[in-house]
Amino acid sequence: MTGVTTHQLLDGKRCSEALKKDIAKAAADEKAARGKAPHLAAVLVGDDGASKTYVEAKVKACETVGFRSTLIRLPETITEEDLLHRIEGLNRDMDLDGFIVQLPLPSHIDPERVTLAIDPRKDVDGFHPENVGKMVLGLPCFLPATPAGICELLKYYSIETAGKHCVVVGRSNIVGTPMSVLLSRNAYPGNCTVTLAHSRTKDLPSITRQADLLVVAIGKPEFITADMVKPGAVVIDVGIHRIPDASKKSGFRLVGDVREEEVRAVCSSITPVPGGVGPMTITSLLLNTLKAARN
Ligand code: NDP
């Protein structure tokens, strides 16, 4: 990570295809041994377009590796009690190895109550406090998909992390905070000195410019510019946004939280959007489902 100006693309699609080959083989072995393939269910409440796209991508990914998948669509108007009741049923369903409840939920449903209702042994999103606590303690658990996927990508590209200064921008429970925990562990990838930045951080550019490894998960299109990046840094862009683009047939293009075009000239490697962190998140969910089936 020294002053290089040519960059390497950290290709999440390629990495996830390689991992999916191993997962498919493991799923076939599991089926031969147990008489059934790993089985994931995804619960989708309401008709939010983005959530529908994400859930369908997860279900499709299951098919490509030989998992069984069940998509449970529930109406936007479902009560919290009814949803909790459905979750109880999924907890008891012996045929199901793991399940996820796609977020965000309609505003009348408390996401914390929903997360707490999921049996931690089936919580393949890794959001239940029992799994979060185990992650912090370094115990076996389901890791949250996005940070775990980023770790897999760093491994795939043999990115050295020990002793590096990692700046994570964004402290959400599903991305930024667990990412900061995983990269500070005494493990590989890990052993970083981690700074966790957020909306109250003063002079963010002076902090991000110190990063050997910069992980950005703030949900603001093209927020990180070249002048905020240390020459030679490894940049992981978690954000994903549709922005209007009249030159495209679809009328939009996808961008991340990083202004990729200009940051490419400064960094040593970067995850593209799309095709970087996104595919890795889905592949992590498959890895967690395989783990649940083996458990
Ligand atoms: P959240 O909105 O939950 O969290 C955003 C975080 O960024 C907050 O901690 C917030 O700080 C911080 N933040 C906001 N503005 C600034 C700023 N100007 N300077 C510094 N910090 C700031 O987002 P998520 O973590 O859920 O997601 C982040 C992005 O990643 C989104 O674009 C999302 O779509 C994408 N995403 C992509 C995934 C993938 O698979 N590719 C998976 C999950 C998310 P504070 O806490 O102070 O409010």
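Residues numbered from 1 in each chain as written. Predicted model: local features only at pLDDT ≥ 70, side-chain atom pairs only at ≥ 80, totals over all residues. Heavy atoms only, no water.

Draft legend 1. Local environment of the sheet that holds strand β4 (residues 98-101). As summarised here, the arrangement of the 3 strands in space is β3-β2-β4, forming an open sheet in which the pairing is parallel. The two strands at the open ends of the sheet, each matched to only one other strand, are β3 (68-74) and β4. Here the strands of the sheet are splayed against their neighbours by 15° on average, with no regard to which way each runs. Across 4 bridges, the pairing between strand β2 (residues 39-45) and β4 is parallel. Bridged to Leu 40 within β4 is Gly 98. (Pairing = 2+ DSSP bridges. Helix = DSSP H or I, 4+ residues; strand = E, 2+ residues; numbered from the N terminus. Axes fitted to C-alpha atoms, helices over the stretch in contact; angles between N-to-C directions.)

Draft legend 2. The packing of helix α1 (residues 12-34) against helix α10 (residues 277-294), seen in detail. Where α1 meets α10, the closest approach of the two axes is 10 Å, and the angle between their N-to-C directions is 20°. Classified by the interaxial angle, the pair formed by α1 and α10 is roughly parallel. As for the relative orientation of α1 and α10, their crossing is left-handed in sense. Listed contacts from α10 to Gly 12, Lys 13, Cys 15, Ser 16, Leu 19, Lys 20, Ile 23, Ala 26, Ala 27, Glu 30 and Arg 34 of α1 are Pro 279, Met 280, Thr 283, Leu 286, Leu 287, Leu 290, Ala 293 and Arg 294. Taken together, the residues of the contact of α1 with α10 sort by class into 11 nonpolar, 3 polar and 5 charged. (Parallel < 35°, antiparallel > 145°, perpendicular 65-115°, else oblique. Left-handed = near helix turned anticlockwise from the far one by under 90°. Contact = heavy atoms within 4.5 Å. Nonpolar A, V, L, I, M, F, W, Y, C, P; charged D, E, K, R; others polar.)

Draft legend 3. Up close: the site of the ligand. Lining the immediate environment of the ligand, one finds 23 residues, of which Arg 171, Ser 172, Ser 199, Lys 220 and Thr 281 sit closest. Between the ligand and the protein, one listed contact pairs a nitrogen atom with a backbone N or O atom of His 198 at 3.5 Å. Contact with the protein chains covers 70% of the free accessible surface of the ligand, which is 940 Å². Taken together, the residues of the shell around the ligand break down into 10 nonpolar, 10 polar and 3 charged. (Near = heavy atom within 4 Å. Polar contact = N/O pair within 3.5 Å; in protein donor to acceptor, adjacent residues only side chain to side chain. Areas by Shrake-Rupley, 256 points an atom, 1.4 Å probe, with all protein chains shown as cover.)

Draft legend 4. Broad picture of the nonpolar core. By size, the foremost hydrophobic cluster in this structure holds 29 residues, and its most contacted members are Ile 150, Leu 183, Leu 213, Val 215, Ile 236 and Val 238. Looking at this core, the element that brings in the most residues is helix α6 (residues 145-156), giving 5 residues. Residue contacts for Ile 236: discarding those within four places in its chain leaves Leu 10, Ile 150, Leu 154, Leu 213, Leu 214, Val 215, Val 216, Thr 271 and Val 277. The next biggest cluster of nonpolar side chains, apart from the first, holds 20 residues, and it includes Ala 42, Ile 100, Phe 142 and Leu 286. (Core = buried A, V, L, I, M, F, W, Y, C linked by side-chain atoms within 4.5 Å. Buried < 20%, exposed > 50% of the residue type's maximum accessible area, 1.4 Å probe, protein only.)

Draft legend 5. Fine view of the packing of aromatic side chains. Evaluation of the coordinates by the stated rule reveals 1 aromatic pair. Judged by centre distance (5.1 Å) and plane angle (85°), the rings of Tyr 156 and Tyr 157 are edge-to-face. The positively charged end of Arg 242 is found above the aromatic ring belonging to Phe 252, 4.0 Å away from the centroid. (Phe/Tyr/Trp six-rings, centres within 6.5 Å; stacked < 30°, edge-to-face > 60°. Lys NZ or Arg CZ within 6 Å of the ring centre and 35° of its normal.)

Draft legend 6. Fine view of the side chain of Lys 20. One can find Lys 20 in helix α1. By relative accessible area, Lys 20 is classed as buried at 16%. In contact with Lys 20, not counting residues within four places along its chain, are Thr 64, Val 65, Thr 283 and Leu 286.

Draft legend 7. Local environment of α6. Here α6 is 12 residues long and its end C-alpha atoms lie 16 Å apart, about the 16 Å a rise of 1.5 Å per residue gives. Regarding α6, the residues found buried are Ala 145, Thr 146, Pro 147, Ala 148, Gly 149, Ile 150, Cys 151, Leu 153 and Leu 154. Looking at the packing, one finds that the buried side of α6 touches α1, α7 (176-184), β7 (213-216), β8 (234-237) and α10. Note on α6: the residue one or two positions beyond its end, Ser 158, has a positive phi of about 50°. (Expected span 1.5 Å × (residues − 1).)

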